[in-house]
Amino acid sequence: MSLSRRSFLVKASASALAAASPARLVAAAADAGLFEARAARVQLAPPGYPETEVWTVGGTMPGAMLKVTQGGRVTRRLRNALPQPTSIHWHGMRIANAMDGVPGLTQATVASGAEFLYDFVAPDAGTYWYHAHNRSVEQVARGLYGALIVEEAEAPEVDRDEALILDDWRLDPATGQIAADFEAPHDRSHAGRIGNFVTTNGRYDLSLPVRTNERLRIRLINASNARIFVLALSGLDGWTVALDGMPLAEPEPVAEPIVLGPGQRADLIVDVTAAEGETAHLVRVEDGKGLAQVAFPVTGAAGGAGRPAPAALPPNLRMEVGGLDDALTARLNMSGGAMGRLDAAVLEGERRSFAQLVDANQFWAFNGAVGMTGTPLLEASRGQTVRLTIVNDTVFPHAMHLHGMHFREAAGDGSLGPLRDTALMLRGETRDIAFVADNPGDWLLHCHMLSHAASGMMTWLRVTA
Ligand code: C2O
Ligand code: CU
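The structure displayed is predicted, hence computed values, not measured ones.

*Asks:* Quick question: what am I supposed to make of the overall build of the chain here?
*Replies:* Along its length, the chain carries 6 helices and 33 strands. Computed over the C-alpha atoms, the radius of gyration of the chain is 22 Å, within 12% of the 23 Å expected from 2.2 N^0.38 for a compact globule of 465 residues. For the chain, the C-alpha atoms occupy an extent of roughly 60 × 60 × 45 Å along the three principal directions. Across the 465 residues that make up the chain, the buried fraction comes to 54%.

What follows is the structure, encoded as structure tokens:
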């Protein structure tokens, strides 16, 4: 393929018109299930700035959306057309361990030019996402992610269903390119890699026209490396109906701002209350100010005013966490970071002083160990209930994500919180999570602030068959 034709294709793929081009349709038919990770140029920054090179699945930003009905099968042939080895993790999916996409734990990395077949059945309805799990701190920051929507066999009645992927990017304002400082010690040792440019579905000015009284399902996904989104509604009346994919027992009216840590999702059902000519907003609260995250200009009115509150989503299977009284208990002490009290920790089997850890660009420890260890944090037999006390002995928040199984937070009074896969732990907090170890294999447990995961906050546990 000549260079000029190639650059034409790259350009064309960034435009919405490309989807209609016959050449692309033919290619798609011949390559059903192809999941190509590759670079693409997209207009991320406002007009006048150069296009930004991003890494995506399929050449669009965000990457190809996967939609499947609950119980359906997902078969995707990852082809790595990136200059680095990669892998794909299906965040929040309770699937077989071999499909979990973790290099060194569940599979080997997929080299440049190589392929890997992901093939699994989607057990749970809800809002999930996929993202690179090799050098995530770089590859996710470059955009290698997308939405994975598992539809209920009987979906709730809404007029529209919108998946909104929130991200922040660190762009060089001069070139419009993603800053390549992925190893920056300051990000690693502090709050993580926070960007300077916030988008929804790859757009800084996403605007979705709506009509008064329309009912929307909004699927919020936080794909950023480290930013905690605090979100509110304006001109919209809504309920939270699911967290991290899993339906809540009862829809909860959105009264307080919604806090979404990296990796977390929230499904809302909202009614448009703004009048024709007004603009409703998903508002991002930052430093006490409200900023427009997504605009919903109201272009007319729909029927259906005064609808009753939505019903709960149909529950997924295996949502109960019982057996807490004879649970296997374990403790995870998180330490390190700037202004932390970590004097020394074990890195690659050797005890190192904090100064030596800094030299290795490593800053955090779980139970005194930096990064992956030879033995798991805990070993549970299949079906056993696990109660894990997590102590955030640092001055930063962390988004703790468990692979392969969802957990509930267990409060001191014995009550259980919603079923989630990622817990946002504020500084100094101690919280217990409880889960049924019903998915055999080796599973990661790590901070989803990806600079933290890359500098020590990563461990694993084993569920024996
Ligand atoms: Cu969303 Cu281990 O990751
Ligand atoms: Cu963290």
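*Asks:* Help me out: how do you make sense of the sheet that holds strand β30 (residues 422-425) in this one?
*Replies:* Strands in a sheet are paired, the pairing made by backbone hydrogen bonds, and the direction either parallel or antiparallel. Reading across from one edge, β25-β33-β32-β27-β30 is the order of the 5 strands in this open sheet, with mixed pairing throughout. Each edge of the open sheet is held by one strand with a lone partner, namely β25 (379-381) and β30. On average, adjacent strands in this sheet sit at an angle of 20° to one another, irrespective of strand direction. Examined bridge by bridge, β25 and strand β33 (residues 458-464) share 3 bridges and lie parallel to one another.

*Asks:* Honestly, the domain arrangement of the chain in this entry has me stumped. Any pointers?
*Replies:* Accessible area lost when the parts come together is the quantity often used to give the size of an interface. What the domain assignment reports for the chain is domain 1 (3-151), domain 2 (160-301) and domain 3 (324-464). Counting residues at the interface gives 19 residues for domain 1, matched by 21 residues for domain 3. A combined buried area of about 1400 Å² lies between domain 1 and domain 3, and 62% of that area is made up of carbon and sulfur atoms. Seen at the junction of domain 1 and domain 3, the total is 0 salt bridges. Between the two partners, domain 1 and domain 3, sit 10 residue pairs in polar contact (both at pLDDT 80 or more). Looking at the side of domain 1 that touches domain 3, the elements that each hand over two or more residues are β5 (88-91), β7 (126-132) and α3 (136-139). The biggest single contributor to the side of domain 1 that touches domain 3 is β7, with 3 residues.

*Asks:* Hey, could you run me through the pairing of strand β26 (residues 384-393) in this one?
*Replies:* Here is the key point about a regular strand: its side chains alternate between the two faces of the sheet. Extensive coverage of β26 is indicated by the burial of 7 of its 10 residues. In the sheet, strand β20 (residues 328-336) pairs with β26 via 8 bridges, with the strands oriented parallel. By the bridge assignment, Leu332 is partnered in β26 with Ile390. Pairing of β26 with strand β31 (residues 430-437) involves 8 bridges; the strand directions are antiparallel. Opposite Thr389, over in β31, you have Asp432 as the bridge partner.

*Asks:* What's the story with the pattern of salt bridges in this structure? I'm lost.
*Replies:* When their charged atoms lie close together, side chains carrying opposite charge are able to pair. This structure, assessed with the given rule, holds 36 salt bridges. Across the salt bridge formed by Arg420 and Asp244, the nearest N and O atoms sit 3.0 Å from each other. Taken as a pair, Arg420 in strand β29 (residues 416-420) and Asp244 in the loop between β14 (236-243) and β15 (246-253) lie far apart in primary sequence, 176 residues in all. Exposure class is identical for Arg420 and Asp244. Each is buried. In this structure, a network of salt bridges that share partners links the residues Glu36, Arg38, Arg77, Arg79 and Glu115.

*Asks:* In this structure, what is going on with the layout of surface pockets? I would like to understand it.
*Replies:* A probe as big as a water molecule, rolled over the atoms, marks out the empty space that is left. In this structure, the second largest pocket encloses a volume near 770 Å³. Lining the second largest pocket are 37 residues, and of these Leu243, Leu248, Glu252, Pro418 and Arg420 sit closest to its centre. Among the secondary structure elements, those contributing two or more residues to the lining of the second largest pocket are β14, β15, β16 (258-260), β28 (407-410), β29, β30 and β31. For the lining of the second largest pocket, the leading source of residues is β15, giving 7 residues. Across the lining of the second largest pocket, the residue classes tally to 25 nonpolar, 4 polar and 8 charged.

*Asks:* Could you clarify how one ought to interpret the sheet that holds strand β3 (residues 66-69) in this entry?
*Replies:* One open sheet accounts for 4 strands, arranged β3-β8-β7-β5; its pairing is mixed. Each edge of the sheet is formed by a strand with only one pairing partner; in this case those strands are β3 and β5. Taking the axes of each pair of neighbouring strands and ignoring which way they run, one obtains an average angle of 20° across the sheet. Sheet analysis places β7 next to strand β8 (residues 145-151), joined by 6 bridges and oriented antiparallel. Its bridge partner being in β8, His131 is matched across the sheet by Tyr145.

*Asks:* For this particular structure, what's the right way to read the side chain of His446?
*Replies:* Here His446 lies in strand β32 (residues 441-447). Among the polar contacts listed, one links the side chain of His446 to the side chain of His403, at a separation of 3.3 Å. Among all residues touching His446, those that are not within four sequence positions of it are His133, Phe366, Ala399, Met400, His401, His403, Ala453, Met457 and Met458.

*Asks:* I would appreciate a short explanation of the packing of aromatic side chains in the present structure.
*Replies:* Centre-to-centre distance and the angle between the planes together describe a pair of aromatic rings. Applying the stated rule across the entire model yields 9 aromatic pairs. Between Trp90 and Tyr130, the ring centres sit 5.8 Å apart and the planes meet at 50°, which makes this aromatic pair tilted. Of this pair, Trp90 sits in strand β5 while Tyr130 sits in strand β7, and the two are 40 residues apart along the sequence. Relative accessible area serves as the criterion here: at 0%, Trp90 is assigned to the buried category. Linked through ring pairs, Phe35, Trp90, Phe116, Tyr118, Phe120 and Tyr130 together constitute an aromatic cluster.

*Asks:* What is the right way to read the environment of Glu252 from this model?
*Replies:* You can see Glu252 is positioned in strand β15. Glu252 sits in the partly exposed class, given a relative accessible area of 48%.

*Asks:* Would you take a moment to explain the coordination of the copper ion (ligand 2) for this structure?
*Replies:* Six octahedral donors at a metal ideally form angles of 90 or 180 degrees, and four tetrahedral donors ideally form angles of 109.5 degrees. For the copper ion (ligand 2), the full set of protein donor atoms is His398 (ND1), Cys447 (SG) and His452 (ND1), at a range of 2.0 to 2.1 Å. Sequence spacing of the donors to the copper ion (ligand 2): H-x48-C-x4-H. Taken together, the residues His398 in strand β27 (residues 398-402) and His452 in helix α6 (residues 450-453) connect sequence positions 54 residues apart. On the basis of relative accessible area, His452 is assigned to the buried category, the value being 0%.

Calculation notes
Residues numbered from 1 in each chain as written. Chains lettered and ligands numbered in written order. Predicted model: local features only at pLDDT ≥ 70, side-chain atom pairs only at ≥ 80, totals over all residues. Heavy atoms only, no water. Helix = DSSP H or I, 4+ residues; strand = E, 2+ residues; numbered from the N terminus. Rg over C-alpha atoms; globule rule 2.2 N^0.38 Å. Buried < 20%, exposed > 50% of the residue type's maximum accessible area, 1.4 Å probe, protein only. Pairing = 2+ DSSP bridges. Axes fitted to C-alpha atoms, helices over the stretch in contact; angles between N-to-C directions. Domains from an automatic or database assignment. Contact = heavy atoms within 4.5 Å. Buried area = accessible area lost by both parts, 1.4 Å probe. Salt bridge = Lys/Arg side-chain N within 4 Å of Asp/Glu carboxyl O. Polar contact = N/O pair within 3.5 Å; in protein donor to acceptor, adjacent residues only side chain to side chain. 1 Å grid on protein atoms, 1.4 Å probe; cavity = no way out; pocket = protein on both sides within 12 Å on 5 of 7 lines; lining within 4 Å. Points joined across faces, edges and corners; volume = space filled by probe spheres on them. Nonpolar A, V, L, I, M, F, W, Y, C, P; charged D, E, K, R; others polar. Phe/Tyr/Trp six-rings, centres within 6.5 Å; stacked < 30°, edge-to-face > 60°. Donors = N, O, S within 2.8 Å, 3.2 Å for Na, K, Ca; no water.

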